[in-house]
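Here are the chains, one letter per residue:
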Amino acid sequence: MRAIGFVLASGAALVLTSAAAGAAEIPTQLPRTARPTHYELAITPHAGSLTLDGTAVITLEVLEPTPSLTLNAIDLQFASARLTSLAGGPALPARVSLDASSQTATFTFADALPRGSYRLALEYSGVIGTQAVGLFALDYDAAGGRKRALFTQFENSDARRMVPCWDEPVYKATFELTVTVPKGELAVSNTPAAETKALEGGRTRVRFGRTPPMSTYLLFLAMGDLERATTRVGDVEVGVVTRRGAIDQARFVLDASAEVLREYNDYFGRPYPLAKLDNIAAPGRSQFFGAMENWGAIMSFEYYLLIDPSISTQEDRQSVFSVAAHEISHQWFGDLVTMAWWDDLWLNEGFASWMAGRTTAKLRPQWNTALQAVADRDEAMARDSLATTHPVVQRIETVEQASQAFDSITYQKGEAVIRMLEGYVGETAWRTGVRRYIEKYTHRNTVSDDLWREIEAAAGQPVTAIAHDFTLQPGVPLVVVDGVTCEAGTSRVSLSQREYSRDQPDKTPLAWRVPVIVQSVSGPPVRTVLESRATVAVPGCDAVVVNAGQSGYYRTLYAPDQFARLAAGFAALRPIDQLGLLSDSWALGRAGVAPVSGVLDLARATPADADPQVWGRVAQTLGQLEGYLRDDAARRDVFRRFARERLGPVFARVGWTQQADEPAPVTILRNTLIATLGALGDPEVVLEARRRFAVRATDPAAMPGPLRKTLLRVVARHADPATWDALRADARAERTPLVKEELYFLLASSQDDALARRALDLALTPEPGVTTGAGMLARVAEEHPELAFDYAIAHMAAVRERIDATSISRFFANLARPSGDPAMIPKLKAYAEAHLDEKARGDTETAIADIGDRIRVRGRVTPALDAWLAGGAGAGRSDAGGPR
C-alpha cells in the first residue's frame with residue numbers, strides 16, 4: 001500500500017500574539033473556528049476483544065460562526081453527537097462525517113453556530129491496538145501465565161485513537177478521565193484517583209482528578225495487574241508502577257526520581273505543579289520511542305526503567321537514571337510550557353537531553369558522565385554533515401514528518417547547541433533566562449524565539465543571532481587552525497571557518513557565528529566568536545587546543561604541525577579534550593578532510609592510565625575501522641591483530657572480575673573491551689565467554705549480572721547451531737520479560753548467515769512476541785542489513801503488523817542503513833517510490849546518504865590502513881591530522 005501524508009488544511013493558521021511574539025504562524029490540520037477548554041471522558045476498555053467504549057463531553061468555545069465542528073478522530077465510530085449551548089436552549093443533533101485520510105470527524109448542524117460556549121457530547125467506540133500508538137495492549141509472561149496490560153502512547157498525534165479531540169499541541173485544555181476496569185486491576189493516569197467505586201459484574205470505576213491545562217498528547221492511561229510503590233518529595237507523591245512482582249526492580253528509579261525532582265524544583269525556580277509523579281514500566285518495546293513524558297505519569301519500557309540484578313549492567317543503571325532525568329525535565333519544559341507546533345519539537349527534546357546530561361553529571365559525579373557530551377555531539381554531527389540533514393527548527397507539514405522529527409538533530413544537536421550557548425553566556429545567566437521563560441509562559445505554547453529573548457535579557461549578550469545560526473540552518477561548522485606562532489609567552493592562533501560535510505566536498509559553505517574556546521595546554525582559556533577569520537592571542541606556548549572543554553558544536557581541523565604537537569603531548573590533555581581530538585580526527589579522516597592515520601596515531605599515543613572513557617572511545621573507533629574491512633579477510637586479519645594487541649593489555653589490567661569499590665567507568669570499560677575484543681575475534685575472550693556459557697547452569701558465578709549480557713552477546717555472535725538452539729531454549733524457558741526479550745535479541749545477533757535467517761523466520765512467529773519480533777529484525781540488520789531488508793520487503797504485511805504506525809516510514813530504511821552495498825541504494829529508492837508519500841521519505845533519503853558515505857569511506861580507509869600498518873603502525877609520523 002502507499003502511505004498517506006496528512007497535508008495541512010489549505011490556508012489554515014493560528015496567529016499567536018500572546019505567547020509567541022512576532023505573530024508567528026502556527027500550522028494546523030484543523031479549522032480555527034473553535035477551541036476546547038475541558039474534556040470529561042469516560043472510557044471502558046475491553047482488553048479481551050481489543051475494543052473500547054467511550055463518552056466525551058467537551059466544553060468548547062466557538063470563536064467565529066460556523067455550521068460545523070471538525071476535530072481529530074481515527075478508528076472511532078460514533079453512536080451519537082449532541083451539542084448544547086451553555087447559554088441555554090435545546091440540544092442540537094449533529095450529522096457525523098469521518099475522513100480517514102485526514103484523520104478527522106466533522107459534526108455538522110442544521111444552522112450555523114454563533115460565537116459562544118458549548119458542550120459537545122459524544123458516544124463512540126474504538127479499537128485497542130497491539131502496537132504502541134493510541135490505547136494499546138502488551139502481553140507478557142507472569143507466574144500465573146500470560147497477562148495483558150493496557151497503556152497509552154499519544155505523542156505525536158495519536159490521542160485521536162482513543163479520544164475525539166483537537167489533537168494538536170496548541171490546543172491546551174483540562175481533562176477529567178474516568179475508566180472502568182476489571183476488579184483487582186490498577187488504573188493509573190496523570191492525576192491521583194479522586195473516586196473509586198465497585199460496580200456489578202466484577203468491575204471497578206475509577207475517576208481521576210482534573211489535570212492542569214495541557215496538550216492532548218500528554219494524556220495517559222494504564223491498567224492491568226500492576227503494583228505501585230511510593231515516596232514523597234514535599235507535597236508530591238513520587239511513585240513507580242510495574243507489573244506485579246517487579247516492583248523491587250524499580251526501587252533504583254524511584255530513589256533517582258525523588259532526587260531529580262528536588263533538583264529541578266530548585267533549578268526551575270517553580271515547584272512541580274501536580275500532586276503526584278509516577279514512572280510506569282511497560283513490558284515489551286516500540287520501534288519509535290523508549291519513554292514518554294506524560295504529565296505526572298511518565299511511561300517507559302522496562303529496559304529503560306527496571307534494574308534486574310541478573311542481567312543489568314552499570315551502563316543500564318546510568319541509562320535508567322539519565323532517562324528519568326530527561327523525562328522529569330519535560331514536566332516543566334514540554335508539559336508546563338509546550339511548543340506550539342512540531343516545528344519546535346527540539347524545545348522539548350533538545351532541552352530535556354541537555355538537562356538530563358547536566359543533572360546526571362551533577363548528582364552522580366562518580367560516573368563522570370560529563371565526558372559523554374562528545375559522543376552525543378558526534379551522533380548529531382553524523383547526521384548533520386550529510387546533504388539530507390535539516391535545521392533544528394524545521395517545517396513540519398504532515399503527521400509522518402512530525403514522527404520523523406524525533407531524530408538526532410532534534411535531540412543531540414539541540415542538546416549540543418544549548419550546551420554551547422550556556423557556556424557562552426554562563427551558567428547563572430542561562431538559568432536565570434530559563435526561569436524567566438518558565439514563569440512567563442506557564443500553561444502556554446511557545447516558539448524558539450520566546451526562549452532566546454528570555455536568555456538574552458538575562459545575559460545581556462546577543463544570544464539570538466548565534467542561536468539562529470545553529471538552529472535555523474543545517475550543517476556543522478569546521479574551524480580550521482591555519483597556524484600558531486608564539487612570541488614572549490603568547491601564542492597567536494590563526495583561525496578560519498569552513499563547513500564540515502561528508503558528502504558535499506565542493507558545496508558553498510554556510511557561515512556561522514561560532515563561540516570558540518582556545519587554550520594552550522598549560523594556560524587559561526580564551527573565548528571569542530568566530531565569524532570568518534580571526535587571530536586569537538592565547539597565554540602560553542604549549543600545544544593549543546581549539547574547542548577546549550568540547551562545548552562547541554563544530555569540528556576542528558589542525559595544521560599538520562599543530563596536530564603533531566597535540567599527538568605527541570596527547571597524555572597531557574584533559575580527558576574531555578582527548579575525546580574531542582579522537583572524535584575530530586576520525587570524523588575528518590572518514591570525510592577525506594584529513595588523513596585516516598591521524599586517529600590511529602592517537603590510539604597508539606593513548607597512555608595506559610588514560611581515563612576509562614578514553615579507552616572506551618579508542619576501542620569503539622578500532623571496532624568501527626574493522627567494520628570497513630569485513631569483506632576483505634586478509635586486511636581484516638592484519639588489522640584485528642593490531643587492534644587486539646592495542647586493547648589486550650588494557651583488558652588485562654581491568655580483568656574479568658569487578659573489584660570492590662571499583663569506579664563505574666572501569667566497570668563499563670570492562671564490558672566495552674569484552675564486547676570489542678569478542679567482535680575482533682580475540683580467541684581468548686571468545687573461548688572464555690563460551691566456557692562461562694557452558695557452565696551457566698551449574699556455576700551461577702560464571703555469568704554475574706553486570707557481565708551476563710555482554711558475555712551472552714559474544715557467545716551469540718560466534719554461535720554455532722547447537723549454541724543457537726541452547727539460547728533459544730533459555731529464551732523459551734525464561735519468565736522475566738526483560739531477560740526473555742534480551743535472549744531473543746541474542747538469537748538475532750549471530751554473524752552466521754544461516755542462523756540470521758533462522759532468526760528472521762522466528763521473528764515473524766508468535767513465539768518471541770509481537771514487539772520483540774520487530775526488534776529481532778532490527779538486530780539482524782546490524783550484522784546483515786541486506787539480508788534483513790530483503791526479508792522484510794518480502795514479508796512486508798507481517799512486518800507492518802509488528803511495528804507501530806509512527807515507525808513505518810523509518811523502520812525499513814533503518815534496516816538498510818548499515819549496508820555498504822551499492823545495490824542497496826536502488827532497492828531503497830524503489831521501496832520509497834512504492835510505499836511512502838513524498839513527504840515521508842526523509843529517513844529513507846538519509847539511509848541512502850549513509851550507505852553512499854560508507855562506500856566512500858571504505859575506499860579511503862583501506863589504502864590508509866595498508867600504508868599505516870606497513871609503515872610500522874605509525875611510529876614517528878608527524879603529518880597526521882593536517883588539512884589536505
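Residues numbered from 1 in each chain as written. Predicted model: local features only at pLDDT ≥ 70, side-chain atom pairs only at ≥ 80, totals over all residues. Heavy atoms only, no water.

> Before we move on, could you go through the overall build of the protein and cite the residues and values that matter?
Across its full length, the protein carries 26 helices and 31 strands. For 884 residues, the compact-globule formula gives about 29 Å, and the C-alpha radius of gyration of the protein, at 28 Å, lands near that figure. Dimensions of the protein, computed from C-alpha atoms along their principal axes, come out at roughly 90 × 65 × 55 Å. Counting the 884 residues in the protein, one finds 61% classified as buried. Within the protein, contacts between residues at least 6 apart in sequence are counted, and of these 70% link residues at least 24 apart. (Helix = DSSP H or I, 4+ residues; strand = E, 2+ residues; numbered from the N terminus. Rg over C-alpha atoms; globule rule 2.2 N^0.38 Å. Buried < 20%, exposed > 50% of the residue type's maximum accessible area, 1.4 Å probe, protein only. Contact = heavy atoms within 4.5 Å.)

> Just give me the short version of the environment of Thr-174, but keep the residues and values in it.
With respect to the element layout, Thr-174 can be found in strand 13 (residues 174-182). Residue class for Thr-174 comes out buried when judged on its relative accessible area of 11%. Sequence-wise, Thr-174 and Arg-160 are 14 residues apart; in three dimensions their C-alpha atoms are separated by 16 Å. Among residues more than four places away in sequence, those in contact with Thr-174 are Thr-37, His-38, Tyr-39, Arg-210, Thr-211, Pro-212 and Pro-213.

> How would you sum up the packing of aromatic side chains? Please name residues and give values.
Under the counting rule described, the total for this entry stands at 33 aromatic pairs. Ring plane angle 70 degrees and centroid distance 5.3 Å describe the contact between Phe-288 and Phe-406, whose orientation is recorded as edge-to-face. Taken together, the residues span a long stretch of sequence, with Phe-288 in the loop between strand 20 (276-282) and strand 21 (291-292) and Phe-406 in the loop between helix 5 (399-404) and helix 6 (409-425) at a distance of 118 residues. Residue class for Phe-288 comes out buried when judged on its relative accessible area of 12%. (Phe/Tyr/Trp six-rings, centres within 6.5 Å; stacked < 30°, edge-to-face > 60°.)

> Summarise the side chain of Ser-448; cite the residues concerned and give the values.
Within the secondary structure layout, Ser-448 lies in helix 8 (residues 448-459). Ser-448 gets classed as buried once you look at its relative accessible area, which sits at 7%. Engagement of the side chain of Ser-448 in a polar contact is seen with the side chain of Asp-344, the distance being 2.5 Å. In this structure, Ser-448 is in contact with Asp-344, Trp-346, Leu-347 and Val-393, ignoring residues within four places of it in sequence. (Polar contact = N/O pair within 3.5 Å; in protein donor to acceptor, adjacent residues only side chain to side chain.)

> Outline the packing of helix 7 (residues 427-441) against helix 8, supporting the account with residue identities and numerical values.
Packing of helix 7 against helix 8 brings their axes to within 8 Å, and their N-to-C directions diverge by 135 degrees. Classified by the angle between their axes, helix 7 and helix 8 sit oblique to one another. Judged by the sense of rotation from one axis to the other, the crossing of helix 7 with helix 8 is right-handed. Listed contacts from helix 8 to Ala-429, Trp-430, Thr-432, Gly-433, Val-434, Arg-436, Tyr-437, Lys-440 and Tyr-441 of helix 7 are Asp-450, Leu-451, Trp-452, Arg-453, Glu-454, Ile-455, Ala-457, Ala-458 and Ala-459. Of the residues belonging to the contact of helix 7 with helix 8, the class tally is eleven nonpolar, two polar and five charged. (Axes fitted to C-alpha atoms, helices over the stretch in contact; angles between N-to-C directions. Parallel < 35°, antiparallel > 145°, perpendicular 65-115°, else oblique. Left-handed = near helix turned anticlockwise from the far one by under 90°. Nonpolar A, V, L, I, M, F, W, Y, C, P; charged D, E, K, R; others polar.)

> Describe in detail the sheet that holds strand 8 (residues 95-99), supporting the description with residues and values.
Within the open sheet, the three strands sit side by side as 5-9-8. Their pairing is antiparallel. Two strands close off the open sheet at either side, each with one partner strand: strand 5 (66-72) and strand 8. Averaged over all pairs of adjacent strands, the angle between strand axes in this sheet comes to 25 degrees, irrespective of strand direction. With six bridges joining them, strand 5 and strand 9 (residues 104-113) adopt antiparallel strand pairing. When the bridges of strand 9 are listed, Asn-72 appears paired with Thr-104. (Pairing = 2+ DSSP bridges.)

> How would you explain the state of the cysteines if you had to name every residue and give the values?
Between two cysteines, a covalent bond joining their sulfur atoms is known as a disulfide. Scanning the model with the defined rule gives one disulfide in all. Note that Cys-486 is cross-linked by a disulfide to Cys-541, the S-S spacing being 1.5 Å. An S-S torsion of about -45 degrees defines the bridge between Cys-486 and Cys-541 as left-handed. With Cys-486 in strand 25 (residues 476-487) and Cys-541 in the loop between strand 29 (533-539) and strand 30 (544-546), this pair connects stretches of sequence that are 55 residues apart. Residue class for Cys-486 comes out partly exposed when judged on its relative accessible area of 38%. (Disulfide = S-S within 2.5 Å.)

> Run through the pairing of strand 20, naming residues and quoting values.
Most of strand 20 is tucked away, with seven of its seven residues classed as buried. The side-chain alternation of strand 20 yields two buried faces, one formed by Lys-276, Asp-278, Ile-280 and Ala-282 and the other by Leu-277, Asn-279 and Ala-281. When strand 19 (residues 236-243) meets strand 20, the two strands line up parallel, connected through five bridges. Bridge pairing in strand 20 places Gly-239 opposite Asp-278.

> Quick one: what's the story with the sheet that holds strand 12 (residues 145-153), residue by residue and with numbers?
Pairing within the open sheet is antiparallel, and its four strands lie in the order 11-12-17-14. Bordering the open sheet on either side are strand 11 (134-142) and strand 14 (186-189), each of which pairs with just one other strand. Between one strand axis and the next, the sheet turns through 15 degrees on average, direction left out of account. Two strands pair when backbone bridges link them, and strand 14 and strand 17 (residues 221-224) are joined in this way by four bridges, in the antiparallel orientation. Each residue of the ladder has a partner; that of Ala-187, found in strand 17, is Met-223.

> So what about the pairing of strand 12? Which residues, and what values?
Within a regular strand, side chains alternate between the sheet's two faces. Judged from the nine bridges that link them, strand 11 and strand 12 form a sheet pairing that is antiparallel. Note on strand 12: the bridge partner recorded for Gly-134 is Gln-153. Relative to strand 17, strand 12 runs antiparallel, the two sharing two bridges. Residue pairing in the sheet places Leu-150 in a bridge with Met-223 of strand 17.

> Go over helix 17 (residues 705-717), please, and point to the residues and values.
Between its first and last C-alpha, helix 17 extends 19 Å over 13 residues, near the 18 Å set by a 1.5 Å rise per residue. Turning to helix 17, its buried residues number three or more, namely Gly-705, Leu-707, Arg-708, Lys-709, Thr-710, Leu-711, Leu-712, Val-714, Val-715, Ala-716 and Arg-717. Turning to helix 17, the residues buried within the fold contact helix 2 (314-330), helix 15 (664-679), helix 16 (683-694), helix 18 (721-733), helix 19 (737-747) and helix 21 (770-783). (Expected span 1.5 Å × (residues − 1).)

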